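Inside the fold
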Amino acid sequence: ENVEDDGLHMDTTLLRIIRLLRILRLLRIIRVIRFLKQLYLLAYGFMEGAMAVFWVAILAGAAIYLCSVILVRTYGHPTEDNPDYEFFARNFHCVPAAMFTLFEI
């Protein structure tokens, strides 16, 4: 009877150890999930920032395009007696050249 009690005691000890290992594994998974949540938040913030930069670039491009059209229409074909003829003829003769000039400024 004493030997059976020792075997039963060892079985319950082994079951407790296995249960403890399962709990530790579960805690490790929770820690990994917390790390993945932080990684997800970091990636999500990066994507939101990239979208904001994209829309700023679109708006800036539209503003540069609008200003370059106005400048080409007003200064793109200067008369030769204008003191700044070379500058206007070189930088504002077409919309792409005017856009590049405005981008450089």
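Residues numbered from 1 in each chain as written. Predicted model: local features only at pLDDT ≥ 70, side-chain atom pairs only at ≥ 80, totals over all residues. Heavy atoms only, no water.

1. Quick look at the overall build of the protein
In terms of regular secondary structure, the protein is built from three helices and zero strands. Shown N-terminal to C-terminal, the secondary structure of the protein runs as helices and strands in the order α-α-α. Relative to the compact-globule value of 13 Å for 105 residues, the protein shows a C-alpha radius of gyration of 36 Å, a clear excess of over 25%. Its C-alpha atoms give the protein principal-axis dimensions of about 120 × 15 × 15 Å. A burial count over the protein gives 10% of its 105 residues as buried. Residue pairs in contact within the protein that sit at least 24 positions apart in sequence constitute 40% of those at least 6 positions apart. When the accessible area of the protein is evaluated, it comes to approximately 9,500 Å², of which 69% is carbon and sulfur surface. Side-chain charges in the protein split into 10 positive and 11 negative, and the spacing between the mean points of these groups amounts to 11 Å. (Helix = DSSP H or I, 4+ residues; strand = E, 2+ residues; numbered from the N terminus. Rg over C-alpha atoms; globule rule 2.2 N^0.38 Å. Buried < 20%, exposed > 50% of the residue type's maximum accessible area, 1.4 Å probe, protein only. Contact = heavy atoms within 4.5 Å. Areas by Shrake-Rupley, 256 points an atom, 1.4 Å probe, with all protein chains shown as cover. Lys, Arg positive; Asp, Glu negative; His and termini not counted. Charge placed at Lys NZ, Arg CZ, Asp CG, Glu CD.)

2. Digging into a positive patch on the surface
Together, R16, R19, R22, R25, R28, R31 and R34 give the surface a local cluster of positive charge. Along the chain, the position of R22 falls in helix α1 (residues 2–75). Residue R22 is classed as exposed on the basis of its relative accessible area, which comes to 57%. (Patch = residues over 30% accessible without salt bridge, like charges linked within 9 Å, V, L, I, M, F, W, Y side chains within 5 Å. Salt bridge = Lys/Arg side-chain N within 4 Å of Asp/Glu carboxyl O.)

3. So, the side chain of S68
Mapped onto the secondary structure, S68 falls in helix α1. A residue is classified by how much of its surface remains accessible, and S68, at 0% relative accessible area, is buried.

4. Re the packing of aromatic side chains
Within this structure, the stated rule accounts for six aromatic pairs. With 5.9 Å between their ring centres and 70° between their planes, F87 and F92 make a pair best called edge-to-face. A relative accessible area of 38% means that F87 is categorised as partly exposed. In textbook terms, an aromatic cluster arises when at least three aromatic residues are bridged by ring pairs, as seen for Y75, F87, F88 and F92. (Phe/Tyr/Trp six-rings, centres within 6.5 Å; stacked < 30°, edge-to-face > 60°.)

5. Some thoughts on the side chain of N91
Structurally, N91 can be placed in helix α2 (residues 85–91). Residue classification places N91 among the buried residues on the basis of a relative accessible area of 13%.

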